[in-house]
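Residue-level structural notes
What follows is each chain in one-letter form.
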Amino acid sequence: MKISRSVKIAAAVAASALALTGINASAATAAGEKVYVIGGMPSDPFWSVVKRGAESAAEAVKDAGGTVTWLGPQNYDNLGPDAGKLVDNAIAAGATAIVVADWVPAAENAAIKRAVKKGISVVHYNAGGVKEAKNTGALAYVGSDDYLAGVAGGKYFASKGAKNILCVNTVPGSANQEARCKGVADGAKGKAKAKQLPLPSSNFGNPTAVSNAVKAALTKDKTIDAVVTIGVQDADSSAAAIKASGSKAKLGTFDLSENVLARIAAGTQAFAIDQQPWLQGYLATSMAWQHAQYGILPASNPVLTGPAIVDKSNVAKVSAGVKAGVR
C-alpha cells in the first residue's frame with residue numbers, strides 16, 4: 001500500500017514519539033528553529049492523527065535544537081478568525097516556521113500574509129489547496145484536494161445506483177467541507193442529484209444533535225438513498241440515524257476510523273475517502289522546518305496525500321494502518 005511505503009520513507013528521515021509542546025513551551029535554543037503547527041480541536045479524532053504525524057517529524061527538529069508547538073481552537077464555532085489569531089500568536093511567540101490549515105481564507109489569509117512578510121517559512125496543509133497557498137505566498141500545500149475527493153465520492157455513489165445523495169456538513173463555511181460537498185454533487189451529476197444538509201458548527205462532536213438532524217432529513221425525504229458525511233464522528237451519528245429511521249440509504253464518509261472500517265467490512269457502510277492525515281502532519285511539519293533550517297524545499301507543489309477510496313475490496317489492508325494510528 002502507498003501509505004505503508006510512505007511511512008517507511010518518513011521513518012528513515014526522522015523517528016517518532018516526541019510529544020508536541022503546548023503554547024507555553026520553552027523557547028528553542030539560540031540556533032534552533034521554532035515551528036508552530038496550527039491544527040484542529042483536541043477532541044477531533046481526525047486531527048489527533050494529524051498531530052501524531054507532526055509528533056513524528058518533531059524528533060528531527062528536536063535533534064537540530066529546535067521545538068515544535070501545536071496550537072488548536074477549543075471548538076469550531078468561530079473557526080476562521082480563531083485560526084487567524086493562532087497564526088498571530090505564533091508570530092508573536094517568535095515562530096520561524098508555521099504550518100497552517102487555511103480553512104476560511106477570508107478570515108485567515110491576512111494573518112498568514114503577515115507571517116510570510118516577516119520571512120517565516122509557511123506551509124499550508126489540509127485545507128485551502130495550492131490556490132490559497134499562492135495567494136498568501138506560502139511555500140507549498142500538503143494534503144488532499146477536497147473537491148476532487150468529493151467528486152470521487154459522488155462518482156462512487158452514482159456508480160452503485162444512488163439517485164438522491166445527502167451531504168451532511170457540520171462545519172458550514174469551512175472551505176474544505178464546502179468543497180467536499182460540492183465535489184460530491186458534481187461527481188454524481190448526470191446520474192444522481194445531491195444536496196447539502198448544513199448544520200450549526202456547534203453540532204460538531206454532538207452525536208445526538210447530528211443523528212437527530214439526519215434522521216429528520218431522511219424521514220422528511222424518503223427518496224434519499226445515500227448519505228455522505230464530512231468526518232468519522234458524523235458517520236457514526238448518521239449510521240445510527242439511518243438505522244433509527246428505517247431508511248435503506250447507503251452511507252459514505254470522508255476519513256477513517258475503526259468504527260468506519262468495521263461497518264465497511266460488515267457491509268453496513270459503502271465506502272470511506274482517505275486523505276492520509278498522519279502523512280499530512282508529518283510532511284508539512286518536516287517541510288516547514290527544513291526550509292527554515294536549511295533552505296530545503298521539494299520541487300512538487302502540491303504534495304498530495306489523497307484521495308483514495310476504501311471499500312470492502314481493500315478494507316482489510318487499510319485496517320492495520322488505522323489501528324496503528326497512522327491512517
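Please refer to the structure placed before this passage.
Residues numbered from 1 in each chain as written. Predicted model: local features only at pLDDT ≥ 70, side-chain atom pairs only at ≥ 80, totals over all residues. Heavy atoms only, no water.

What the six strands build is an open sheet, ordered 7-6-8-9-10-12; its pairing is mixed. Bordering the open sheet on either side are strand 7 (193-198) and strand 12 (308-310), each of which pairs with just one other strand. Ignoring strand direction, the axes of neighbouring strands in this sheet form an average angle of 20°. Taken together, the four bridges between strand 8 (residues 226-229) and strand 9 (residues 250-254) define a ladder with parallel strand orientation. Bridge pairing links T229 to T253 in strand 9. (Pairing = 2+ DSSP bridges. Helix = DSSP H or I, 4+ residues; strand = E, 2+ residues; numbered from the N terminus. Axes fitted to C-alpha atoms, helices over the stretch in contact; angles between N-to-C directions.)

This part takes up helix 6 (residues 146-159). For helix 6, which comprises 14 residues, the first-to-last C-alpha distance of 20 Å matches the rise-based estimate of 20 Å (1.5 Å per residue) to within 8%. When we look at burial in helix 6, the residues that qualify are D146, A149, G150, V151, G153, G154, Y156, F157 and A158. Between a side-chain oxygen at the N-terminus of helix 6 and the backbone nitrogen of Y147 the separation is 3.1 Å; the capping residue is D145. Remark: G161 follows helix 6 within two positions and exhibits a positive phi of approximately 100°. (Expected span 1.5 Å × (residues − 1). Buried < 20%, exposed > 50% of the residue type's maximum accessible area, 1.4 Å probe, protein only. Polar contact = N/O pair within 3.5 Å; in protein donor to acceptor, adjacent residues only side chain to side chain.)

Let's shift gears to the sheet that holds strand 4 (residues 121-125). Strand order in the open sheet made by the six strands is 2-1-3-4-5-11, with parallel pairing throughout. Only two strands of the sheet have a single neighbouring strand rather than two, namely strand 2 (67-71) and strand 11 (303-306). The average undirected angle you get between the axes of adjacent strands in this sheet is 15°. Inspection of the sheet shows strand 1 (residues 34-38) paired to strand 3 (residues 97-100) by four bridges, in the parallel sense. Its bridge partner lying in strand 3, Y36 is registered against I98.

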